[in-house]
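So the chains spell out like this:
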Amino acid sequence: MSKITYRRTVDADAPTRRVIARHGEVTRPEPGTGIKVHFKDSKGNLLKTVEANEGDDLLSIAHEYDIDLEGACEGSVACSTCHVILTPEHFDLLPEPEDDENDMLDMAFGLTETSRLGCQVKLTRELDGVTATLPSATRNMFVDGKKSAHH
């Protein structure tokens, strides 16, 4: 499951402490115990096979393992830059996308019948061996020029 890291920070202008949760951080599983995820480029070439934990999302996994999946809105379902194309057998195991995901997918470059937003694909044991193919381009309508804090 995804681990949320809490860090205490002190605001110089305020005497109180705030706890900030950083979402999307991934704790790597012990080798051989995780859910295998294969990332491919738009031509079908294998980029990397990684292991992740149940509950991790594809966007966070991609960032943890330095896969070039943008995620401009940082998983807030406000863009389509983490668009991935799944194999039909794995796509069919996922719950139906919510309306906000469908709205963003409508703007995705290279949309297919098995397209999903990587930030919304949460891993389960059933998805072991899933292949996520990156499209040949992305369309960023979130904020022109905004880059994800993960890069």
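Criteria and thresholds
Residues numbered from 1 in each chain as written. Predicted model: local features only at pLDDT ≥ 70, side-chain atom pairs only at ≥ 80, totals over all residues. Heavy atoms only, no water. UniProt positions renumbered as here; feature names shortened; annotations may be inferred. Salt bridge = Lys/Arg side-chain N within 4 Å of Asp/Glu carboxyl O. Helix = DSSP H or I, 4+ residues; strand = E, 2+ residues; numbered from the N terminus. Buried < 20%, exposed > 50% of the residue type's maximum accessible area, 1.4 Å probe, protein only. Pairing = 2+ DSSP bridges.

As annotated in an unreviewed UniProt entry, the protein chain carries the name 2Fe-2S ferredoxin-type domain-containing protein and is attributed to Postia placenta MAD-698-R-SB12. Per UniProt, the protein chain has the following entry under Cofactor (unreviewed entry): "[2Fe-2S] cluster". Looking at the protein chain in UniProt, the text filed under Sequence similarities (unreviewed entry) is "Belongs to the adrenodoxin/putidaredoxin family."

Undergrad: So what exactly am I meant to see when it comes to the pattern of salt bridges here?
TA: Side chains that carry opposite charge are capable of pairing whenever their charged atoms lie near each other. For the structure on display, the rule yields two salt bridges. Of the charged contacts, one joins Glu64 and Arg28 as a salt bridge, the two residues approaching to 2.9 Å between their closest N and O atoms. Taken together, the positions of Glu64 in helix H1 (residues 58–64) and Arg28 in the loop between strand E2 (17–22) and strand E3 (35–40) put the pair 36 residues apart, joining distant regions of the chain. Classification of Arg28 as partly exposed rests on a relative accessible area of 46%. Note that Arg116 is salt-bridged to Glu101, the shortest N-O span being 2.8 Å. Of this pair, Arg116 sits in strand E6 (residues 115–117) while Glu101 is found in helix H3 (residues 99–105), placing the two residues 15 residues apart along the sequence.

Undergrad: Which parts of the structure should I look at to understand the pairing of strand E4 (residues 46–52)?
TA: Where a strand is regular, its side chains alternate between the two sheet faces. Across six bridges, the pairing between E3 and E4 is antiparallel. When the bridges of E4 are listed, Ile35 appears paired with Ala52. Between E3 and E4, which follow one another and run antiparallel, lie five residues, and Gly44 among them has a positive phi close to 90°.

Undergrad: Would you explain the pairing of strand E5 (residues 83–86) in this entry?
TA: With burial as the criterion, each face of E5 is covered, one bearing His83 and Ile85 and the other bearing Val84 and Leu86. Judged from the three bridges that link them, E5 and E6 form a sheet pairing that is antiparallel. From the neighbouring strand, His83 faces E6, where its bridge partner is Leu117. For E5 and strand E7 (residues 130–133), the ladder comprises two bridges, and the chain directions are antiparallel. What sits directly across from Leu86, in E7, is Ala132.

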